[in-house]
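Below are the chains, spelled out letter by letter.
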Amino acid sequence: MYLSSSSSSSSNSDEEHEVFEVLINLPRPRLYRDRFNPLEHYDDLDFKNRFRLTKNTFMILLNVIGKDIKHDTNRSYAIKPEVQLLIALRFYATGAFQTVIGDHIQVHKSSVCRIIKRVSKCIACLRPLFINMPKTQNELQEVQIGFYRRCQFPKVIGAIDCTHIKIQSPNSNIGEQFRNRKGYFSFNVQAVCNSKMEIMNIVARWPGSVHDSTIFDNSLLRAQFENNEFKGCFLLGDGGYPCRKYLMTPLLNPTTAAEKKYQNAQIGTRNVIERVFGVLKRRFPVLSVGLRIQPKSALNTIVATAVLHNILLKQNDTMPQNDLQIDDELFEELDALPVQQVGNAVRNNLIENYFS
């Protein structure tokens, strides 16, 4: 009788332990929190300081992509398109951890991750509408006149340069491909802009270890110039690019008055692209703080911020006053390549016929 009672007690204890193990391993119940709506809470100034654009520009952007990011169901408290867009913009404006952003708007971290990925892809898909090289003769002339008014450099249709965007270390198999010459992991992003600081072309796919000239040599833009689609027009680049008949770079050692005049005009006209990178990283600090997301999502985010940059320029949506100053360390001037290059004859002819 004693053995039977002991065995029964032990069996009950085991069953209780098993039930306890099942209970503690059950997934946490979903919590539906009252979501914070910055559109209603902040005035225009506070909204712009936190999301980098005005409420008016926000509504324009929402009208463009709202249908694409809207959930097809209203079940489970589906997050509204305006809240999704606000989450992505807050990420661009701070570069904060996704948990912090979720706590701000009362959304779970996993939802924030999915939203940033979805919204960034939708905004990046607007690239053909807002990022384009000039095509018609009128557009070409308008861009050339804009550049000429800066430092009297003729026939310029774009300033080109690259900038490094920090990312977290990729996996060990390919990680070192992304380590740049400064020692951190990055994407090396090439962009071309006009005199109005609008981005007209962007290449965002190369690891940080790749040189600027390699990115250009493998770009569609180079093929377009080689095929004379912009015949008689120039790009202006720094010493990291080879001198070509359509790509004018600085001289290594200017000596004559004409060469010095060319050098000053080339540098003065080209530095607009450096200002673009400065403004882009100031307006969207996630690009300077670093992207702690998957590489594919990081590339979509980079293109998305470039699209937003152009939209904000078209809407005359200026940066907040406390962010207008641009740090000099954002820029890096590369020395001119000393080797003989195929565009030297065109450059020398330009110096002799125009700058002398």
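Our structure's up above, just so we're on the same page.
Every value quoted in this text rests on a predicted model; they were computed, and no experiment measured them.

Concerning the nonpolar core
- Residues Tyr-92, Ile-123, Phe-153 and Ile-302 are the most contacted members of the largest nonpolar core, which totals 101 residues.
- Counting residues per element, this core draws most heavily on helix α15 (residues 295-314), at 10 residues.
- Once you skip the residues sitting within four places of it in the chain, Phe-153 turns out to touch Tyr-148, Phe-234, Leu-236, Met-248, Tyr-262, Ala-265, Gln-266, Thr-269, Leu-350 and Phe-355.

Describing the sheet that holds strand β4 (residues 234-236)
- What the five strands build is an open sheet, ordered β3-β2-β1-β4-β5; its pairing is mixed. With partners counted over all chains shown, the strands left at the sheet margins are β3 (199-207) and β5 (247-248), one partner each.
- The sheet contact formed by strand β1 (residues 156-166) and strand β2 (residues 186-193) spans eight bridges and is antiparallel. Among the inter-strand pairings, Thr-163 is bridged to a residue of β2, identified as Val-189.
- Relative to the sheet, helix α13 (residues 272-283) contacts β1, β2 and β3, its axis offset from that of β1 by approximately 40 degrees.

A look at the state of the cysteines
- In this structure the tally under the stated criterion is zero disulfides.
- Cys-122 takes part in no disulfide bond, and the closest cysteine sulfur to it belongs to Cys-125, at a distance of 6.4 Å.

Comments concerning the environment of Thr-214
- Along the chain, the position of Thr-214 falls in helix α10 (residues 212-217).
- In sequence terms Thr-214 and Tyr-241 are 27 residues apart; their C-alpha atoms lie 8.7 Å from each other.

Remarks on the pairing of β1
- Extensive coverage of β1 is indicated by the burial of 10 of its 11 residues.
- Sheet topology places β1 next to β4; three bridges connect them, and they run parallel. Across the sheet, the residue bridging to Ala-159 is Leu-236, located in β4.

Focus on the pairing of β2
- The element β2 is largely enclosed, with a buried count of eight among its eight residues.
- Relative to β3, β2 runs antiparallel, the two sharing six bridges. Paired with Cys-193 across the two strands is Ile-199, which belongs to β3.
- What sits between the antiparallel neighbours β2 and β3 is a turn of five residues, in which Met-197 has the positive phi angle 70 degrees.

Considerations on the packing of helix α9 (residues 137-151) against helix α12 (residues 257-270)
- Between α9 and α12, the shortest axis-to-axis distance is 9 Å and the interhelical angle comes to 120 degrees. Considering their axes alone, α9 and α12 lie oblique with respect to each other. In the crossing of α9 with α12, the sense of the turn from one axis to the other is right-handed. In this structure, α9 contributes Phe-147, Arg-150 and Cys-151 to the contact, and α12 contributes Ala-265, Gly-268 and Thr-269.

Section: the environment of Gln-168
- Summarising the element assignment, Gln-168 is placed in the loop between β1 and β2.
- With 10 residues separating them in the primary sequence, Gln-168 and Phe-178 have C-alpha atoms 9.6 Å apart.
- Apart from the residues lying within four places of it in its own chain, the contact partners of Gln-168 are Phe-185, Leu-291, Arg-292, Ile-293 and Gln-294.

A few points about the side chain of Gln-190
- Note that Gln-190 resides in strand β2.
- Side-chain polar atoms of Gln-190 contact the backbone nitrogen of Phe-216, separated by 3.4 Å.
- Not counting residues up to four positions away in its chain, the partners in contact with Gln-190 are Ile-160, Asp-161, Cys-162, Asn-201, Ile-202, Val-203, Asp-212, Ile-215, Phe-216, Ser-219 and Tyr-241.

Some words on the side chain of Ser-120
- Within the secondary structure, Ser-120 sits in helix α7 (residues 109-124).
- Classification of Ser-120 by relative accessible area gives buried; the value is 1%.
- Side-chain polar atoms of Ser-120 contact the side chain of Tyr-92, separated by 2.6 Å.
- Once you skip the residues sitting within four places of it in the chain, Ser-120 turns out to touch Tyr-92, Asn-300, Thr-301 and Ala-304.

Thresholds applied
- Residues numbered from 1 in each chain as written.
- Predicted model: local features only at pLDDT ≥ 70, side-chain atom pairs only at ≥ 80, totals over all residues.
- Heavy atoms only, no water.
- Core = buried A, V, L, I, M, F, W, Y, C linked by side-chain atoms within 4.5 Å.
- Buried < 20%, exposed > 50% of the residue type's maximum accessible area, 1.4 Å probe, protein only.
- Helix = DSSP H or I, 4+ residues; strand = E, 2+ residues; numbered from the N terminus.
- Contact = heavy atoms within 4.5 Å.
- Pairing = 2+ DSSP bridges.
- Axes fitted to C-alpha atoms, helices over the stretch in contact; angles between N-to-C directions.
- Disulfide = S-S within 2.5 Å.
- Parallel < 35°, antiparallel > 145°, perpendicular 65-115°, else oblique.
- Left-handed = near helix turned anticlockwise from the far one by under 90°.
- Polar contact = N/O pair within 3.5 Å; in protein donor to acceptor, adjacent residues only side chain to side chain.

Remember, this is a structural readout, not a statement about activity or role.
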